[in-house]
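One-letter residues, chain by chain:
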Amino acid sequence: MNIDTWLTKAVKDLSKAGIDSAQLDAHLLLAATLYQSREYILSHGEQELSDTELAQADKWLKRRLNREPIAYILGHKEFYGRDFIVSPSVLIPRPESEAIIEILKELKPETIIDIGTGSGCLAISAKLELPNCSVIATDISEDALQIARQNASSLNIEVTFAVSDLLSGIKNITSDEPVTIVANLPYVDESWDVSPETKFEPSMALFADNDGLHLIKKLVLQASKKMRDGDHLVLEADKRQHGQLSQYAEEHGFTLEKIDGLIVLYTLRA
Ligand SMILES: C[S@@+](CC[C@H](N)C(=O)[O-])C[C@H]1O[C@@H](n2cnc3c(N)ncnc32)[C@H](O)[C@@H]1O
């Protein structure tokens, strides 16, 4: 079978399975099988696939047809222009979260604490974009932290990683410089419609009680006690949650500064 024939069949099967990105996914799976770029496979349609290549491409296609996210099949995902290792221990980084990096670049904080770091995409991108700031990243999952450490090492960057339930493992925020806490915590309510792909992601990275706001509100409360006047809190939440979240944050001393897509920026006025 040649490249064109495999692609035609794969796109047809993926479309039939209800996958919107059928064409892109077929290209990515075959390109990864052949260790080539998408451009290569598109310009070498007549090339015959070996039995080994065919078996590998078909195996990956079967996983994708079962709605496994392509990032888990290929083991990596791009975030803020860089490649991050991902595994089913971590949430697949979402493009919406990149706005957090834009906000950090505007704030230029000396110290950043990333709560619920997952793959480490926020902490590591922040350190790469703002090399002079010190970055601490925590997660309740040791398995997630292992992936984050691998990403820091492959991107050649120093971030301090620690296991912690929200801010409980961070004794005191000792820096004299202003601190910015960022958190993309789980905020999906169990009742919401989610894509079939999310069943492959860790539920502890996605779901939270109390309309999805349980963990975020808990963090706001902890942060209001540990942070100082002028410190910033950058949170990701669904747009439907922004009103309730901001009301809670304001009750705990935070002022809403800005909303960018799913991202909200608060400043503590102690
Ligand atoms: C939505 S994922 C975000 C991962 C990453 N920051 C990103 O933006 O792609 C939420 C992360 O929070 C972690 N988490 C869940 N509960 C936590 C808790 N109580 N304390 C710290 N981290 C927690 C999960 O393990 C998961 O890695």
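Refer to the structure printed above.
Everything numeric in this text was worked out from a predicted model, so none of it was measured.

Caption draft 1: Up close: the site of the ligand. In the vicinity of the ligand there are 24 residues, among which Gly 116, Gly 118, Ile 140, Asn 184 and Ala 205 approach most closely. Elements with a minimum of two residues in the shell around the ligand: helix 7 (121-129), strand 4 (134-139) and helix 9 (203-206). Of the residues that constitute the shell around the ligand, the class distribution is 14 nonpolar, eight polar and two charged.

Caption draft 2: Region of the structure containing the pairing of strand 9 (residues 263-268). Most of strand 9 is tucked away: five of the six residues are buried. The pairing of strand 7 (residues 232-236) with strand 9 spans five bridges and is antiparallel. The residue of strand 9 that forms the bridge with His 232 is Thr 267. Here strand 8 (residues 254-260) runs beside strand 9; their pairing, made up of six bridges, is antiparallel.

Caption draft 3: Broad picture of helix 10 (residues 214-226). Under the 1.5 Å per step criterion, the end-to-end length of helix 10 is 19 Å for 13 residues, consistent within 8% with the ideal 18 Å. For helix 10, every residue scored as buried is listed here: Leu 215, Ile 216, Val 220 and Ala 223. On an axial view of helix 10, the arc spanned by its buried residues comes to 140°, and they lie on one face. Against strand 6 (179-183), strand 7 and helix 11 (242-251) lie the buried residues of helix 10.

About the thresholds
- Residues numbered from 1 in each chain as written.
- Predicted model: local features only at pLDDT ≥ 70, side-chain atom pairs only at ≥ 80, totals over all residues.
- Near = placed C-beta within 6 Å.
- Helix = DSSP H or I, 4+ residues; strand = E, 2+ residues; numbered from the N terminus.
- Nonpolar A, V, L, I, M, F, W, Y, C, P; charged D, E, K, R; others polar.
- Buried ≥ 20, exposed ≤ 12 C-beta atoms within 10 Å, placed from the backbone.
- Pairing = 2+ DSSP bridges.
- Expected span 1.5 Å × (residues − 1).
- Arc of directions from axis to C-beta.
- Contact = placed C-beta atoms within 7 Å.

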